[in-house]
Amino acid sequence: MAESLPLEMLTHILSFLPLSDQKEASLVSRAWYCAAQNALREQSGLTSLDLSGCSELADGALLAIGRGLGHLWCLRLRKLQRLTDAGCTALGGLRELRSLDLAECCLVSGQGLAQALGSGHRASAPLASLSLAYCSSLKDASVFSLIPVLGLSLRVLDLSSCVALTNRTLQAICTCLTHLSVLRLAWCTELQDWGLLGLGEPSEEPAQEPQEHLRAKLRRNLRSRSFFPQLHQELDHQASVPKDPSAQPQGPSLLMLRALQELDLTACSKLTDASLAKVLQFPELRRLSLSLLPALTDKGLVAVARGCPSLERLVLSHCSLLSDEGWAQAARSWPRLQHLNLASCGQLTEQTLDTIGQACKQLRMLDVAMCPHISMAAVRHLRAQLPQVTCIQSRYVGGADLTLTL
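Each value, and the rule that gives it
Residues numbered from 1 in each chain as written. Predicted model: local features only at pLDDT ≥ 70, side-chain atom pairs only at ≥ 80, totals over all residues. Heavy atoms only, no water. Salt bridge = Lys/Arg side-chain N within 4 Å of Asp/Glu carboxyl O. Helix = DSSP H or I, 4+ residues; strand = E, 2+ residues; numbered from the N terminus. Buried < 20%, exposed > 50% of the residue type's maximum accessible area, 1.4 Å probe, protein only. 1 Å grid on protein atoms, 1.4 Å probe; cavity = no way out; pocket = protein on both sides within 12 Å on 5 of 7 lines; lining within 4 Å. Points joined across faces, edges and corners; volume = space filled by probe spheres on them. Contact = heavy atoms within 4.5 Å. Core = buried A, V, L, I, M, F, W, Y, C linked by side-chain atoms within 4.5 Å.

**Re the pattern of salt bridges**
Under the criterion given, the structure shown has eight salt bridges. Here D158 makes a salt bridge to R184, at a shortest N to O gap of 3.8 Å. In this pair, D158 is assigned in strand β5 (residues 156–158) and R184 in strand β6 (residues 182–184), connecting sequence segments 26 residues apart. For D158, a relative accessible area of 12% translates into the label buried.

If you want it as structure tokens, here you go:
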């Protein structure tokens, strides 16, 4: 019966539904899809919209949003598999947009988004938060085109699982997005030590220009209309020396992001102590993930502890080289630690739990699952030491298959 209703009447009916129900209604049929889009246009005062998971929506939906919802400040479009760069160009009309989530939009390369954000319409309210996680089409060139239009207003950037990105992207971020407070680069597996340190590639000849001069030129080039060739030239001649475990940060290193409060380097498996010990020096950092880094050792752990003393959440799962000795030195630097994940750290024993119990008095959650040298007796002892702990994940601890919730 609903199919026989005039489009205007169906639109009026759908306009009374909450947005979550309008999303579901848009999947019923083509007529309902059109009616739901019309109902959306009528909500011109809307400030936040979540269309995540509406897999049938395509570029036309963004065109409708861009024309009819000019007051949006938060837009979530996760998992819109049919969305392309052509649709992203419509976002230029959203002058008040501050937060944009395009995670898992696999056809979005970033070029259309750069065009939209670089239009004159965007000058009044630049983005503060952008997620392009799992956008497999994202390449270095796309990030280079985005950086000039994002600028210093951006606080949160999520590029997790954009596996094609390289050290060039990281160095461009460190040069121009220096006000970031959250940076997520999990599973960006091409990142290497020389990228974090701001050095040139190992085979490059030493550059002669002073590093401050290079950084200033890079910023000017990124803001110019012809930044593409110049950006590549500058990154080709950035800093200077071949990769060397004793090298110090010189060019656009991670150290330039002084405002960082959250950093995720999960599964950036080419990173080692050579860079982590030197660039992870953020006194205000609250959250850090270094899980699945097979080359992280006690030396790196102790350096991170000294450089990031304010950590509240720390993930170190599957770091198999960490030992009790490293934790004995590191734990005393983390009195604020509340959430700690040490799952599958195979060398740790009950000595580490005892160290944590003495040094981390604010701990609330601990994961020691699949740590074969930690016994359930040690877990119970920690519970007695820290009664405020609410959850200890201890699957396969000491051969047991248990999750102890306190």
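On we go.
**Overview of the layout of surface pockets**
Put simply, the largest pocket is a space of about 170 Å³. At the level of secondary structure, the elements contributing two or more residues to the lining of the largest pocket comprise β7 (262–264), β8 (287–289), β9 (313–315) and β10 (339–341).

**Observations concerning helix α15 (residues 350–359)**
When α15 is considered as a whole, its buried residues turn out to be T352, L353, T355, I356 and G357. Next to the buried residues of α15 lie α14 (324–330), β10, β11 (365–367) and α16 (376–385).

**A word on unusual backbone geometry**
Backbone geometry at H318 places phi at a positive 65°, although glycine is not the residue there. If you trace the backbone, H318 turns up in the loop between β9 and α14. Exposure remark for H318: the relative accessible area of 37% places this residue in the partly exposed category. Of note, Y396 is a non-glycine position whose phi angle comes to about 60°, a positive value. Within the fold, Y396 resides in the loop between β12 (391–393) and β13 (404–405). Judged by relative accessible area, Y396 falls into the partly exposed class, the value being 45%.

**Section: the nonpolar core**
With 107 residues, the main nonpolar core has L254, L280 and W327 as its most contacted residues. Not counting the four nearest positions on each side in its chain, L254 is found in contact with L170, C174, L183, L196, L263, V279, L280 and F282. Formed by seven residues, the second largest nonpolar core is a distinct cluster that contains L10, A25, W32 and A35.

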